[in-house]
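Reading the structure
Here are the chains, one letter per residue:
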Amino acid sequence: MHMTADEKVDESYDVVVVGGGAAGLAGAVALARARRSVLVIDAGRPRNAPAGHVHNYLGREGVPPGELVAAGRDEVTRYGGEIVTGQVEAVARQGDGFVVTLGDNGGGEGRSVLRARRLLVATGLVDELPDVPGLAERWGRDVLHCPYCHGREVADRRIGVLATGPLAVEQANMWRQWSAQVTLLAHHGPAPDAEEAERLAARGIIVVDGEVTGLEVTGDTLTGVRLASGEVIELDALVVAPRLTARARLLEPLGVEPVMVEQGGHVIGSRLPADPTGAAPVPGVWVAGNAADVQAHVIAAAAAGVKAAAAINGDLIAAETREAVDAYRHEARGVLEAEGWEERYGAGPAVWSGNPNPQLVAEVAKLSPGRALDVGCGEGADAIWLAEQGWRVTAVDFATAALDRAAARAAAAGAHIADRIEWKRADVRERLPDERGYDLVSSHYVHLPDPARRDLFARLAAAVAPGGTLLIVGHHPHDLRATAHRAHFTDMMFTGEQIAAALDPAEWDAIIVDARPRTATDPDGRDITIRDAVLVARRRA
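In this text, all values refer to a predicted model and were calculated from it rather than measured experimentally. (Residues numbered from 1 in each chain as written. Predicted model: local features only at pLDDT ≥ 70, side-chain atom pairs only at ≥ 80, totals over all residues. Heavy atoms only, no water.)

1. Concerning the overall build of the chain
Across its full length, the chain holds 14 helices and 26 strands. Relative to a compact globule of 541 residues, whose C-alpha radius of gyration would be 24 Å, the chain shows 39 Å and is clearly more extended. Counting only C-alpha atoms, the chain reaches 120 × 55 × 40 Å along its principal axes. Looking at the 541 residues of the chain, the share that counts as buried comes to 45%. (Helix = DSSP H or I, 4+ residues; strand = E, 2+ residues; numbered from the N terminus. Rg over C-alpha atoms; globule rule 2.2 N^0.38 Å. Buried < 20%, exposed > 50% of the residue type's maximum accessible area, 1.4 Å probe, protein only.)

Dropping the structure here:
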């Protein structure tokens, strides 16, 4: 199925869960608690609806099936999940997710088209009963199949086991655990061999030959079965082994085909293939509950739903991490390459405040003016301030848009300022400034990963004249703990100690090595303290 041009996606979800039984609801609760957007689509036809109670569900023993479902639905919606009653008409792959189409459910609302990043299929199975009139009407009441689900409720009563295959002897022997009054109705099953007959006799299980043609019901109570001969066998409960067929149609267009389930070497039904986490052979699809495990009790189905939900959430986390890494690398390239800065400077009238960096003012105001190199000058605030203090400045940046804006601002400040500044477009990672040519080399917030950072700062140090000053300022790694929303480039941030350690102590005196605090306002308007990594070093004359 492919979306047509006039179809639109009504809603998008992290996970669409198809099936609102124990497995689907339990999975949806786990996903909603994991802060995933979840939609459960439930056709409203639970397999265990005819049963009076759910058993062997720890903490909810004996709860009516409808009550358990209602509680599960409440838990899903309590955590923000959504539930709709409807029938999935089709599922199709779209990119790395799926398009799920719902029918109008007879209400006239029309089809709904949903987008799902992942699918959890918990559609259960169909019990295909033997062709005996009356079985379906009493299924789950006094026509039973699971001794662990119903055995206690018919304990010590007259139980008939309808033989429809070679496993009937084992089935009768199992039900003998709950009652001494067990009858094996041969029906269409194979006759017990000598060993099986001995085992049945040893446990007091009666074998009755003849085809069962119908049920005997008085009022609303099963009283027995009728044989083709006309004989009536009096019973209180009839055990039937249905063929357990997974609801698999939904996933067939995605290439997921059901596989046969065997027990004792005999096929008892089909299931949807899945690994232990519930992952189907098709990426992005998980299966839980009786659709994947035909013999799972309700509590096991719920547990499988939770296990599949955890696997789905883990898969989404992995996908989101890959996307984040791609975005992180793209952003890092924007920080490191001229094209990214050209785009940034060209996006608005100003990127920076227009004020000189505070550490420059604090450390340079007391120095005698000379020749200065401003590396990564941006829009020129530092270079203009230095010129105002009497410095002759070479201002370097690799973004033409920044240099053009800086030169215009310098011109606006007057010829006495503009004439003291030389604007140069260069990438200092590739082009060395004049060695030992500057009385001050200043670099503010130029962040590169190692070894590029180490190489750059070595070049800057080499540009300082004897007796000159090296001033390097950057965002301290401590800022990552604050709410300043620094770009999380941990490998690009540095401390003053790291830069000082790279200087030759025979040539340099480290005057200041600091993590200097200053106040700022975070994106939410709160006053915070951030730290600048500051290195002031002087080359010995």
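Now, onward.
2. Here we look at the pattern of salt bridges
According to the stated counting rule, one finds 33 salt bridges in the structure shown. R409 is the partner of E379 in a salt bridge, and the nearest nitrogen-oxygen pair spans 3.9 Å. Of the two residues, E379 sits in the loop between β20 (371-375) and α10 (381-388) while R409 sits in helix α11 (residues 400-413), which places them 30 residues apart along the sequence. On the basis of relative accessible area, E379 is assigned to the buried category, the value being 2%. Classification of R409 by relative accessible area gives partly exposed; the value is 29%. (Salt bridge = Lys/Arg side-chain N within 4 Å of Asp/Glu carboxyl O.)

3. Details of the sheet that holds strand β12 (residues 212-218)
One open sheet holds the three strands; their spatial order is β12-β13-β14, and the pairing between them is antiparallel. Each edge of the open sheet is held by one strand with a lone partner, namely β12 and β14 (232-234). Taking each pair of neighbouring strands and ignoring which way they run, the sheet shows an average axis angle of 30°. Bridging between β12 and strand β13 (residues 221-227) involves six bridges; their strand directions are antiparallel. Across the sheet, the residue bridging to E216 is G224, located in β13. (Pairing = 2+ DSSP bridges. Axes fitted to C-alpha atoms, helices over the stretch in contact; angles between N-to-C directions.)

4. Some points on the pairing of strand β9 (residues 159-162)
Burial along β9 is two-sided: I159 and V161 facing one way and G160 and L162 facing the other are all buried. Relative to strand β10 (residues 182-185), β9 runs parallel, the two sharing four bridges. The residue bridging V161 from the neighbouring strand is L184, located in β10. Each parallel crossover has a hand, and for β9 linked through helix α5 (residues 168-175) to β10 it is right-handed. In this structure, β9 lies alongside strand β15 (residues 237-239), joined through three bridges in parallel fashion. (Right-handed = clockwise from strand over helix to strand, strands pointing away.)

5. Examining the nonpolar core
Ranked by internal contacts, the top residues of the largest apolar core, which has 28 residues, are V441 and L470. For this core, the secondary structure elements donating two or more residues are α7 (298-336), β20, β23 (438-444), α13 (452-462), β24 (464-475) and β26 (527-539). When residues in this core are grouped by element, the largest group, four residues, is from α13. Residue contacts for L470: discarding those within four places in its chain leaves V441, L460, A461, V464, L503, W508, L535, V536 and A537. (Core = buried A, V, L, I, M, F, W, Y, C linked by side-chain atoms within 4.5 Å. Contact = heavy atoms within 4.5 Å.)

6. Concerning the pairing of β13
The loop that links β12 with its antiparallel partner β13 comprises two residues; one of these, G219, has a positive phi angle of about 65°. By the bridge criterion, three bridges tie β13 to β14 in an arrangement that is antiparallel. For G224, the partnering residue across the bridge sits in β14 and is E234. Hairpin remark: β13 followed by β14, antiparallel, with four residues in the connecting loop; positive phi at G230, about 100°.

7. Section: the confidence of the model for the chain
Residues at a pLDDT of 70 or more form 96% of the chain, whose mean pLDDT is 92. Contacts for the low-pLDDT stretch residues 1-7, under 50 throughout, to residues beyond four places or in other chains number 12 contacts. (pLDDT = per-residue confidence, 0-100.)

8. Regarding helix α2 (residues 65-78)
When the terminal C-alpha atoms of α2 are compared, their 20 Å separation across 14 residues agrees well with the 20 Å that a helix rising 1.5 Å per residue should span. Listed as buried for α2 are P65, L68, G72 and V76. With its buried residues spanning 75° around the axis, α2 presents them on a single face. Of the residues in α2, the exposed ones pointing more than 90 degrees away from the buried face are G66 and R78. (Expected span 1.5 Å × (residues − 1). Arc of directions from axis to C-beta.)

9. Observations regarding the sheet that holds β10
One open sheet holds the five strands; their spatial order is β8-β15-β9-β10-β11, and the pairing between them is parallel. For this open sheet the edge positions go to β8 (143-144) and β11 (206-208), each flanked by a neighbour on one side alone. Contacts from α5 reach β8, β9, β10 and β15, with the element oriented near 165° to β10.

10. Here we look at α5
All of the buried residues along α5 are A168, V169, Q171, A172 and W175. Across the axial projection of α5, the buried residues extend over an arc of 160°, all falling on one side.

11. Quick word on unusual backbone geometry
Across the chain, the bulk of peptide bonds are trans and the bulk of non-glycine residues have phi less than zero. In this structure, P451 follows D450 across a cis peptide bond, with omega equal to 5°. Mapping P451 onto the fold places it in the loop between β23 and α13. Backbone geometry at R35 places phi at a positive 70°, although glycine is not the residue there. You can see R35 is positioned in the loop between α1 (22-33) and β2 (38-42). The backbone of R436 shows a phi angle near 50°, a positive value even though the residue is not glycine.

12. Some thoughts on the environment of T123
One can find T123 in the loop between β6 (112-121) and β7 (125-128). When its relative accessible area of 17% is taken as the criterion, T123 is described as buried. Once residues within four sequence positions are removed from consideration, T123 is found in contact with V18, R247 and A291.

13. Section: the side chain of R516
Mapped onto the secondary structure, R516 falls in strand β25 (residues 508-521). Judged by relative accessible area, R516 falls into the buried class, the value being 16%. Within the local environment of R516, its side chain forms a polar contact with the side chain of E363, the two groups lying 2.8 Å apart. When sequence neighbours within four positions are dropped, the list of residues in contact with R516 reads Q359, A362, E363, I530, R531, D532 and V534. (Polar contact = N/O pair within 3.5 Å; in protein donor to acceptor, adjacent residues only side chain to side chain.)

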